[in-house]
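Structural characterization, general
Below are the chains, spelled out letter by letter.
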There are 2 protein chains.
Amino acid sequence: MRTVATVAELVAGLRAGDRRAVARLLSLVEDGDRGRVRRVVELCHPITGRAEIVGLTGAPGVGKSTLASGLVAAWRRQGREVAVLAIDPSSPLTGGALLGDRIRLQAHALDDGVYVRSMASRGHLGGLAWAAPHALAVLDAAGFDVVLLETVGVGQGEVEVAAVADVTVVAVAPGMGDAVQAAKAGVLEVGDVLCVTKGDLAGAERTVAELEEAQRDGGLVRTPVLRTNAIAGEGIAELVDVLSALRDERCADPAHRPRHRARAHLQVREIAVAALRRRVDEAITGELLDAVARGDIDPYAAADRLLADLDLPDTTGGSEGAG
Amino acid sequence: MRTVATVAELVAGLRAGDRRAVARLLSLVEDGDRGRVRRVVELCHPITGRAEIVGLTGAPGVGKSTLASGLVAAWRRQGREVAVLAIDPSSPLTGGALLGDRIRLQAHALDDGVYVRSMASRGHLGGLAWAAPHALAVLDAAGFDVVLLETVGVGQGEVEVAAVADVTVVAVAPGMGDAVQAAKAGVLEVGDVLCVTKGDLAGAERTVAELEEAQRDGGLVRTPVLRTNAIAGEGIAELVDVLSALRDERCADPAHRPRHRARAHLQVREIAVAALRRRVDEAITGELLDAVARGDIDPYAAADRLLADLDLPDTTGGSEGAG
């Protein structure tokens, strides 16, 4: 392989099972060169649709990485190839340290059937929502049987991304007391399965009961609540079975794949909005900002003036060129 | 006052010092009715520019709320009226519990010279960046001498908002070891002042030294590093002095107020992008999404088709009407 491969060559490599090609395509998506990202999506999109995409989210510290490692081991025992895409909410302030425990997945580092990749959500606003569906398309096209999309449940972007998985697991730690109380309504919204982690701790059983009770009280459709102890391997096989059953049910009829449509929606919208955001930034002049800063014109009137002057771009307006 | 006041009446109340009017205007901003938000911004913007806007950010658990309470007390001793706008990164998953310790500010609950308000960053993508500058405009227009904008340093949105404050304090807890190491480059980027909290703990002095060393090693402009112990009241007066000096230096020449311009930029851009995002969502058809989900068309080509069909809106296209 030449040092500089074209996107087409990389996609050919990906189809042939070359993991370095997967890594390089994901790097192209993360780097965000618009022409190259477009080419990656164009070439990968037609060969997607086979992978089971499982979302895993929850507040920091609930044990997502340990649970992820347990899930990966269970899928591997079924002979399935697994990719883990961990969305890292690194900001300039945390530098990704929050998810340093991603290291737990290193148990699978020598297994060729497991591919782990972190992507930072830092970068421009909406960067996560923009890049994650593209990355999922690459991993789906690469032929992984399961793609685990791990996000931290802080911030709307992560929640929106989790919503495009075929099925989403929300991890809850036992004994969070008031925090669980406060979170309940929302937890029940985004999860297809609720998983109480650290099942050996006192309070795990009570948290399971509280979550079930909250659903009854709210008159909600019952979301399964499972209890796992990932370190001891307890409850993981059951969780894997529930996930597969849910996914099969949802995707049985190819004409009714709501999550495929949700992924398409997120992807198309974010591509279009990113293009428009670039045009807005290009069109904003220092004069206009000075006028706003001085109070001569209010921000809404300034935005109106901007929009009136804007020619509509296509998505690659000003592209750095396709690879 | 009638039960349903117009925005103009509320702004008149705000100028007359009516705190209920402040609360109701902030609720209008948070609710997000586009016509009303526009009216709030139109009427408040011309009377802004006087408040000292201080950003306070840092990872969860570093003691931001305790520091905020100490800063508020110090400003009050100077006879200044203070508003605290706490941006709460509540997602459906955390329900705001993360910042439940906002309760520490209740020490000031009976002081008429202090106004505390939390705003959730949940809602549509870009919701925080969109709403926070509007809320700052309301508090500035209300005549507060200082507005403290408190955000959690997780996620790009919060960082971007902190960047529009006149001066930003980044709080760092002592003894975070590797986490501090990893965070250094970024911390030095967004903070105008670095504040090592919990200054009574062993390791505080070392963290101060590490932060100063990192700046020297990086050849960076020296950002002041202070050590505080907010509970004992140590270091707070010094911090307040440094903040005021920085702010005076920056804002001495009205023609050169970079942060005022940054606020204007964020506000104008997010207003324009929100309008465009709505139009994109309205223009996306089920047919187009099905074609993408089936693989008949790739997401970039779909976005291009969408943008080509789009007529440019103004910012209130489809507004629910002004109050």
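Cut-offs and rules
Residues numbered from 1 in each chain as written. Chains lettered and ligands numbered in written order. Predicted model: local features only at pLDDT ≥ 70, side-chain atom pairs only at ≥ 80, totals over all residues. Helix = DSSP H or I, 4+ residues; strand = E, 2+ residues; numbered from the N terminus. Buried ≥ 20, exposed ≤ 12 C-beta atoms within 10 Å, placed from the backbone. Contact = placed C-beta atoms within 7 Å. Pairing = 2+ DSSP bridges. pLDDT = per-residue confidence, 0-100. Axes fitted to C-alpha atoms, helices over the stretch in contact; angles between N-to-C directions. Parallel < 35°, antiparallel > 145°, perpendicular 65-115°, else oblique. Left-handed = near helix turned anticlockwise from the far one by under 90°. Nonpolar A, V, L, I, M, F, W, Y, C, P; charged D, E, K, R; others polar. Core = buried A, V, L, I, M, F, W, Y, C linked by C-beta atoms within 7 Å. Expected span 1.5 Å × (residues − 1).

Brief notes about the overall build of chain A
Counting its regular elements, chain A contains 12 helices and seven strands. For chain A, buried positions account for 53% of its 323 residues. Within chain A, counting contacts between residues at least 6 apart in sequence, those at least 24 apart form 77% of the total.

Quick notes on the pairing of strand β4 (residues 146-150) of chain B
All names here are of chain B. By the criterion of burial, β4 is predominantly enclosed, with five of the five residues buried. Of the two faces of β4, the one lined by Val146, Leu148 and Glu150 and the one lined by Val147 and Leu149 are each fully buried. Examined bridge by bridge, strand β1 (residues 52-57) and β4 share five bridges and lie parallel to one another. Residue pairing for β4: glycine 55 is matched across the bridge by leucine 149.

Thoughts on the confidence of the model for chain A
Residues and elements named next belong to chain A. Scored by pLDDT, chain A has a mean of 79; 74% of the residues are at 70 or more. By mean pLDDT, helix α7 (residues 178-190) is the weakest element of chain A at 51, and helix α1 (residues 7-15) is the strongest at 96. Overall fold confidence for the complex sits at a pTM of 0.74, while the interface term, ipTM, reaches 0.78.

Side note on the environment of valine 190 of chain B
You can see valine 190 of chain B is positioned in helix α7 (residues 178-190). Considering only alpha carbons, one finds valine 190 of chain B and valine 164 of chain B, 26 residues apart in sequence, at a separation of 10 Å.

Topic: the packing of α1 of chain A against helix α3 (residues 34-44) of chain A
Helices that pack against each other are described as a pair by the angle of their axes relative to one another and the distance between those axes. All names here are of chain A. At their nearest, the axes of α1 and α3 sit 10 Å apart, and the two run at 40° to each other. Here α1 is positioned oblique relative to α3, judged by the angle of their axes. In the crossing of α1 with α3, the sense of the turn from one axis to the other is right-handed. For the pair α1 and α3, contact is made by Val7, Ala8 and Val11 and by Arg36, Arg39, Val40, Leu43 and Cys44, respectively. Partitioned by chemical class, the residues of the contact of α1 with α3 number six nonpolar, no polar and two charged.

What to know about unusual backbone geometry
The backbone of lysine 198 of chain A shows a phi angle near 50°, a positive value even though the residue is not glycine. Structurally, lysine 198 of chain A is set in the loop between β6 (193-196) and α8 (204-217).

A few points about the nonpolar core
Val138 of chain A together with Val138 of chain B are the most contacted members of the largest nonpolar core, which has 184 residues in total. The contacts of valine 138 of chain A, once residues within four sequence positions are left out, are Val22, Leu25, Leu26, Val29, Val40 and Cys44 of chain A.

Observations concerning the environment of glycine 63 of chain B
All names here are of chain B. Here glycine 63 shows up in the loop between β1 and α4 (64-77). Each C-alpha atom, one on glycine 63 and one on alanine 171, is 7.5 Å from the other, the two residues being 108 residues apart in sequence. Discounting chain neighbours no more than four positions away, the residues touching glycine 63 are Ala171, Ala173, Thr197, Lys198 and Ala230.

Side note on the packing of helix α1 (residues 7-15) of chain B against helix α2 (residues 19-31) of chain B
Residue and element names in this part refer to chain B. Two numbers describe how α1 lies on α2: the axes approach to 8 Å, and their chain directions differ by 135°. Classified by the angle between their axes, α1 and α2 sit oblique to one another. Regarding α1 and α2, the two cross each other, and that crossing is left-handed. Two secondary-structure elements touch here, α1 through Val7, Leu10, Gly13 and Leu14 and α2 through Ala21, Val22, Arg24, Leu25 and Leu28.

Considerations on helix α9 (residues 236-251) of chain B
The end-to-end C-alpha distance of α9 of chain B, which contains 16 residues, comes to 22 Å, matching closely the 22 Å that a straight helix rising 1.5 Å per residue would cover. Packed against the buried residues of α9 of chain B are β1, α4, β5 (167-172), β6 (193-196) and β7 (225-227) of chain B.

Let's talk about the environment of arginine 39 of chain A
All names here are of chain A. Considering the arrangement of structural elements, one finds arginine 39 in helix α3. With 23 C-beta atoms packed within 10 Å, arginine 39 lands in the buried category. Linking arginine 39 and valine 11, residues 28 residues apart in sequence, is a C-alpha distance of 9.9 Å.

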